[in-house]
Amino acid sequence: ETGVTQTPRHLVMGMTNKKSLKCEQHLGHNAMYWYKQSAKKPLELMFVYSLEERVENNSVPSRFSPECPNSSHLFLHLHTLQPEDSALYLCASSQDWRTGYGYTFGSGTRLTVV
Amino acid sequence: AQTVTQSQPEMSVQEAETVTLSCTYDTSESDYYLFWYKQPPSRQMILVIRQEAYKQQNATENRFSVNFQKAAKSFSLKISDSQLGDAAMYFCAYRSWEGGTASKLTFGTGTRLQVTL
């Protein structure tokens, strides 16, 4: 067990569907992140949360909507996605967003948009 | 903005041999962190080794070591005595030293390492 758990592991959804990705950490970390990993591209930071407050949003389309109800849980709500949104979505947590020390990643959700 | 470049999409090494993965980066900052992450088929990103830019001594972790050339902005990873379990994607990553958005990791495109018998 990595300490950061992501569900589901795989997700196939139509362009008109609404789904959510879940991330959970019990490491006592107070910062959580969403990254997008596409083939042959560098990982892209999507969102950063510190103590449940969003501190960074890297020009992500509004069809991706993050939610951080507490410091242990992070969600990514998806609606009306496009095929180019198909990717591996990685969640990570760290001790403190200002230092980034102790970055821990989950195993990701493989998303396919059809 | 910082960029990280990994020019080797794929590398292959025989078991027990040594392999070096290349990474270059571009930054105007003087203090920062550099990392190598390993991503096996399980998909979890695992930290392999970390280097603080202000340290002249190259970091080592068991069979893994780096060659950090700050002036050249180069940060290569050497894997000695390669093992089958080393087969994975390897990502080079950069993080700024300063506060604010400092925790953002900037990644390269990765190098897929194959280990053969």
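Refer to the preceding data block for the structure.
Only a predicted model underlies this, so the values are computations on that prediction, with no experimental measurement involved.

The next subject is the sheet that holds strand β3 (residues 18-25) of chain A. Pairing between sheet strands relies on hydrogen bonds along the backbone, with the strands arranged either parallel or antiparallel. All names here are of chain A. If you walk across this open sheet you meet the four strands as β1-β3-β8-β7, and the pairing is antiparallel. Edge positions in the sheet fall to β1 (4-7) and β7 (64-70), since each of these pairs with one other strand and no more. Strand-to-strand, the axes of this sheet are offset by a mean angle of 20°, without reference to chain direction. Inspection of the sheet shows β3 paired to strand β8 (residues 73-79) by seven bridges, in the antiparallel sense. In the sheet register, E24 faces β8, and the bridge partner there is H73.

Our focus in this paragraph is the pairing of β1 of chain A. Regular strands have side chains that alternate between both faces of the sheet. Residues and elements named next belong to chain A. Burial along β1 is one-sided: the face carrying V4 and Q6 is buried and the face carrying T5 and T7 is not. Where β1 lies against β3, four bridges are found, and the strand directions are antiparallel. What sits directly across from Q6, in β3, is C23.

Residues and elements named next belong to chain B. Its location among the elements puts D86 in the loop between β9 (74-79) and β10 (88-96). For D86, the contacting residues outside a window of four places in its chain are K38, R63, F64, I79, D81, L113 and V115. Side chain to side chain, D86 and R63 meet in a polar contact 2.8 Å long.

One pass over the full model with this rule turns up two disulfides over all chains. Here C23 of chain A pairs with C91 of chain A through a disulfide, and the sulfurs are 1.9 Å apart. One quick way to see it: the torsion about the S-S bond of C23 of chain A and C91 of chain A is about -75°, and its sign makes the bridge left-handed. Within this pair, whereas C23 of chain A is found in strand β3, its partner C91 of chain A is found in strand β9 (residues 87-94), the two being separated by 68 residues in sequence. A sulfur-sulfur separation of 2.0 Å characterises the disulfide bridge that pairs C23 of chain B with C92 of chain B. The chirality of the disulfide connecting C23 of chain B with C92 of chain B is left-handed, given an S-S dihedral of about -70°. In this pair, C23 of chain B is assigned in the loop between β3 (19-21) and β4 (24-26) and C92 of chain B in strand β10, connecting sequence segments 69 residues apart.

Here the focus is the environment of M15 of chain A. Residue and element names in this part refer to chain A. Mapped onto the elements, M15 comes out in the loop between β2 (10-13) and β3. Relative accessible area serves as the criterion here: at 36%, M15 is assigned to the partly exposed category. The sequence separation of M15 and P83 amounts to 68 residues, and the corresponding C-alpha distance is 7.5 Å. In contact with M15, not counting residues within four places along its chain, are T80, L81, Q82, P83, V113 and V114.

What counts, and at which threshold
- Residues numbered from 1 in each chain as written.
- Chains lettered and ligands numbered in written order.
- Predicted model: local features only at pLDDT ≥ 70, side-chain atom pairs only at ≥ 80, totals over all residues.
- Heavy atoms only, no water.
- Pairing = 2+ DSSP bridges.
- Helix = DSSP H or I, 4+ residues; strand = E, 2+ residues; numbered from the N terminus.
- Axes fitted to C-alpha atoms, helices over the stretch in contact; angles between N-to-C directions.
- Buried < 20%, exposed > 50% of the residue type's maximum accessible area, 1.4 Å probe, protein only.
- Contact = heavy atoms within 4.5 Å.
- Polar contact = N/O pair within 3.5 Å; in protein donor to acceptor, adjacent residues only side chain to side chain.
- Disulfide = S-S within 2.5 Å.

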